[in-house]
Amino acid sequence: MFNVGDKIVYPMHGAGVIDSIEEKNILGEKQSYYILKMPGEVKVMVPTAKAEEIGVRNIIDKSSADKVIGVLEQDETVMDTVIMGNQELYNIMKEKNEIYAKPDFSEEDGMKAAKLEEKFAELDGWNAESDAAILLNDVGIDAEKHYKYMRELEAKEKVKVLLAQALFGNPDILLLDEPTNDLDLKTINWLEEFLINFENTVIVVSHDRYFLNKVCTNIADVDYGKIKVFPGNYDFWYESSQLLQKQMREQNKKKEEKIKELQAFIARFSANASKSKQATSRKKSLEKIQLDEIVPSNRKYPYIDFKPDRMPGNEILQVKNISKTVNGEKILNNVSFTVKPNDKIAIVADNENAKTVLFQIIAGEMEPDEGKIIWGTTITNNYFPKDNNYLFQSDLSITDWLRQYSKDPDETYVRSFLGRMLFSGEEALKAVNVLSGGEKVRCVLAKMMLSGANFLIMDEPTNHLDMESITALNDGMVKFPGNMIFTSHDHQLMQTVANRIIDIKENEVIDREVSYDEYLGIE
């Protein structure tokens, strides 16, 4: 058993540290997990039993004060990692290959290999690699990477491989925990269609509302310490749950009015001999009335409202012939467009880096190799970076950190914005360098609200947010009266906010004044 703080080398993800140890699964059953904190805000859940099963050996690292390094010995190729999704098939493949590799192959080995080959054929093993290759291609892993080791892939590619692993082998029950995280829009669209046509059971946790609407036939609502299952998709659940709450409040209101009516009658006539029987009868009726218990929801919605200090004029922004090469790769090639009044522009691109680099150049955080950015004289902008860690390198409290960006340094004023983002009481005094990813995002959103900017630049603002915060952000972006340029993997946010789509291709820019669904050709 390892301890919190122990270093772990996990070949599929790299080196990390045990962040915590959970002792129960989501059903409340006894089960122990290592939660490994990996580079780039990635967290990996590893069952302790699984760690023992695949072999854990302890090494004392003399150069780091005898800290234990656990090595989970699981260095596999991409292809083998996918096939491991069907553990029985993978074990048979491994066992028969070991037998055939023996230098002293015996008659007994031949008999055993024959039985394994029979079972291998029953499990359609001869098509395993081609089936796995199709899945890998569908999730965006190029053929030349299929036989590389997992340690050679980038973090986002590993996520795609592990998704393919979960889908491989046509499982009876498919469990997916935030499957759209770190996936590009093309892969998300493919996954939606795959799951719609998947004939077995799927249990999924996701913060992507559009994905849930498209894929789910039932919603399990975990709230009030209970699980309640609603038929239908996410939107149907949301409307139904809100309606149920409203109906309960209205029923209670009617009951409260009846209670007051009965109490008034009893008070008037309880001492009146001729009415005493009626008063007693009303008292019994009163005792039978039970108000429905309305338990406050565990869900908390932040309040996000971007209010510009002044409205933008007619001259907003010109992006002129921007080109940029990063580490020898041409990221932007002669990108040009003009932002007009009322534009809320969603940027899409096959190359994820192209969007971030463009935003950094527009925000003034990176210089282009060629071209220029021209702002209108009435425009003030504020930038939400995809990677915000550089903003939180100090040990300032959240309150003092936000005060740096406030025109009014008064603590009550600053904390009112933190309160909107659900930082109240002692939480507002936490040091910013220990905040979670979601807490950092909420801080940056508070900073943007304080700015009074009339032009917002937002690079993946829904990352690390829960469903309630995403909904509040979506509403805030829709209400914002200024200009905006943004990108997100949240389909519903893209569809409800954007009125113009700019798609950055390798050698061209496609610019259309349509909604996101219209651009994708979705009816």
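Conventions and cut-offs
- Residues numbered from 1 in each chain as written.
- Predicted model: local features only at pLDDT ≥ 70, side-chain atom pairs only at ≥ 80, totals over all residues.
- Heavy atoms only, no water.
- Helix = DSSP H or I, 4+ residues; strand = E, 2+ residues; numbered from the N terminus.
- Buried < 20%, exposed > 50% of the residue type's maximum accessible area, 1.4 Å probe, protein only.
- Contact = heavy atoms within 4.5 Å.
- Areas by Shrake-Rupley, 256 points an atom, 1.4 Å probe, with all protein chains shown as cover.
- Phe/Tyr/Trp six-rings, centres within 6.5 Å; stacked < 30°, edge-to-face > 60°.
- Pairing = 2+ DSSP bridges.
- Patch = residues over 30% accessible without salt bridge, like charges linked within 9 Å, V, L, I, M, F, W, Y side chains within 5 Å.
- Salt bridge = Lys/Arg side-chain N within 4 Å of Asp/Glu carboxyl O.
- Axes fitted to C-alpha atoms, helices over the stretch in contact; angles between N-to-C directions.
- Parallel < 35°, antiparallel > 145°, perpendicular 65-115°, else oblique.
- Nonpolar A, V, L, I, M, F, W, Y, C, P; charged D, E, K, R; others polar.
- Expected span 1.5 Å × (residues − 1).
- pLDDT = per-residue confidence, 0-100.

Peer 1: An account of the overall build of the protein is needed here, citing residue identities and associated values.
Peer 2: When you go through the protein residue by residue, the secondary structure sums to 17 helices and 19 strands. Out of the 523 residues belonging to the protein, those deemed buried represent 43%. When contacts within the protein are restricted to residue pairs at least 6 apart in sequence, those whose partners lie at least 24 apart make up 60%. Approximately 28300 Å² of the protein is accessible, and the part contributed by carbon and sulfur atoms is 49%.

Peer 1: Please set out the packing of aromatic side chains residue by residue, giving values where relevant.
Peer 2: Scanning all chains against the criterion turns up nine aromatic pairs. Between Phe-120 and Trp-126, the ring centres sit 5.0 Å apart and the planes meet at 90 degrees, which makes this aromatic pair edge-to-face. Residue classification places Phe-120 among the buried positions, given a relative accessible area of 4%. Taken together, a centroid distance of 5.0 Å and an interplanar angle of 85 degrees make the contact between Trp-375 and Phe-455 edge-to-face. In this pair, Trp-375 is assigned in strand β14 (residues 370-375) and Phe-455 in strand β16 (residues 455-459), connecting sequence segments 80 residues apart. Put simply, the rings of Trp-190, Phe-194 and Phe-198 pair up and form one aromatic cluster.

Peer 1: Can you explain the pairing of strand β13 (residues 344-349)? Please cite residues and give values.
Peer 2: Counting buried residues in β13 gives six out of six residues, a clear majority hidden from the surface. Burial along β13 is two-sided: Lys-344, Ala-346 and Val-348 and Ile-345, Ile-347 and Ala-349, pointing in opposite directions, are all buried. Note: β13 against strand β17 (residues 483-487), three bridges, orientation parallel. By the bridge assignment for β17, Ile-345 is matched with Ile-485. As judged from the five bridges shared by β13 and strand β18 (residues 500-504), these two strands associate in the parallel manner. Each bridged residue has a counterpart across the sheet, and for Ile-345 the counterpart in β18 is Arg-500.

Peer 1: I'd like a description of unusual backbone geometry, backed by residues and values.
Peer 2: At Glu-178, a position not held by glycine, the phi torsion is positive, near 50 degrees. The residue Glu-178 is located in the loop between β7 (173-177) and α7 (185-197) in this model. Classification of Glu-178 by relative accessible area gives buried; the value is 15%. For Leu-422, which is not glycine, the phi dihedral falls at a positive 70 degrees. Topologically, Leu-422 is positioned in the loop between α13 (411-420) and α14 (437-451).

Peer 1: Please give an account of a nonpolar patch on the surface that cites residues and values.
Peer 2: A contiguous nonpolar patch, built from Ile-173, Leu-175 and Ile-203 and spanning about 320 Å² of accessible area, is present on the exposed surface. By relative accessible area, Leu-175 is classed as exposed at 60%.

Peer 1: Before we move on, could you go through the environment of Glu-117 and cite the residues and values that matter?
Peer 2: Structurally, Glu-117 is set in helix α4 (residues 107-122). Look at Glu-117 and you get buried, because its relative accessible area is 18%. As a C-alpha pair, Glu-117 and Ile-92 span 25 residues in sequence and 8.3 Å in three-dimensional space. If near-sequence neighbours (up to four positions away) are discounted, Glu-117 is found in contact with Lys-96, Tyr-100 and Trp-126.

Peer 1: So what's going on with the packing of helix α6 (residues 155-167) against α7? Residues and values would help.
Peer 2: Two elements in contact, α6 and α7, have axes separated by 13 Å at closest approach and are oriented at 10 degrees. Overall, the two elements α6 and α7 adopt an arrangement that is roughly parallel. Residues Lys-160, Leu-163 and Leu-167 of α6 form the contact with α7, whose participating residues are Thr-187, Trp-190, Leu-191 and Phe-194. Split into classes, the residues belonging to the contact of α6 with α7 amount to five nonpolar, one polar and one charged.

Peer 1: Outline the environment of Asn-213, supporting the account with residue identities and numerical values.
Peer 2: Looking at where Asn-213 falls in the secondary structure, it is placed in helix α8 (residues 209-215). On the accessibility criterion, Asn-213 (17% relative accessible area) is buried. Here the alpha-carbon distance between Asn-213 and Trp-237, two residues 24 residues apart in the chain, equals 9.8 Å. Once you skip the residues sitting within four places of it in the chain, Asn-213 turns out to touch Asn-233, Tyr-234, Asp-235 and Gln-492.

Peer 1: I'd like a rundown of the sheet that holds strand β19 (residues 509-512), residues and numbers included.
Peer 2: The strand order across the open sheet formed by six strands is β15-β16-β17-β13-β18-β19, and the pairing between neighbours is mixed. Each having just a single partner strand, β15 (381-384) and β19 make up the two edges of the open sheet. With direction set aside, neighbouring strand axes in the sheet form an average angle of 15 degrees. In terms of strand pairing, β18 meets β19 through four bridges, oriented antiparallel.

Peer 1: Report on helix α3 (residues 87-100), specifying residues and quantitative values.
Peer 2: In a regular helix each residue adds 1.5 Å, so 14 residues correspond to 20 Å; α3 covers 20 Å between its end C-alpha atoms and thus fits that length. Those residues of α3 not exposed but buried are Leu-89, Tyr-90, Ile-92, Met-93, Lys-96 and Ile-99. Where the residues of α3 are buried, they touch α2 (78-83), α4 and α5 (128-138).

Peer 1: Give a detailed account of the environment of Arg-299, specifying residues and quantitative values.
Peer 2: Inspection of the secondary structure assignment puts Arg-299 in the loop between α10 (276-288) and β11 (317-326). Between the C-alpha atoms of Arg-299 and Asp-466, which are 167 residues apart in sequence, the distance is 9.9 Å. Once you skip the residues sitting within four places of it in the chain, Arg-299 turns out to touch Asp-221, Val-222, Asp-223, Trp-237 and Glu-468.

Peer 1: An account of the sheet that holds β14 is requested, with residue identities and associated values reported.
Peer 2: Strand order in the open sheet formed by three strands is β12-β11-β14, and the pairing between neighbours is antiparallel. Both edges of this open sheet fall to β12 (329-339) and β14, since each of them pairs with a single strand only. Taken over all neighbouring pairs, the strand axes of this sheet differ in orientation by 20 degrees on average, direction set aside. Bridging between β11 and β12 involves seven bridges; their strand directions are antiparallel. By the bridge assignment, Gln-318 is partnered in β12 with Thr-338. Packed on one face of the sheet, helix α11 (residues 352-362) meets β11, β12 and β14 and runs near 55 degrees to β12.

Peer 1: Could you give an account of the confidence of the model for the protein, naming the residues involved and the relevant values?
Peer 2: Considering every residue of the protein, the mean pLDDT works out to 82; 80% of them sit at 70 or more. No element of the protein has a lower mean pLDDT than strand β6 (residues 67-72), at 32, and none a higher one than β16, at 98. Note on residues 24-29: pLDDT under 50 across the span, and five contacts to partners over four residues away in sequence or across chains.

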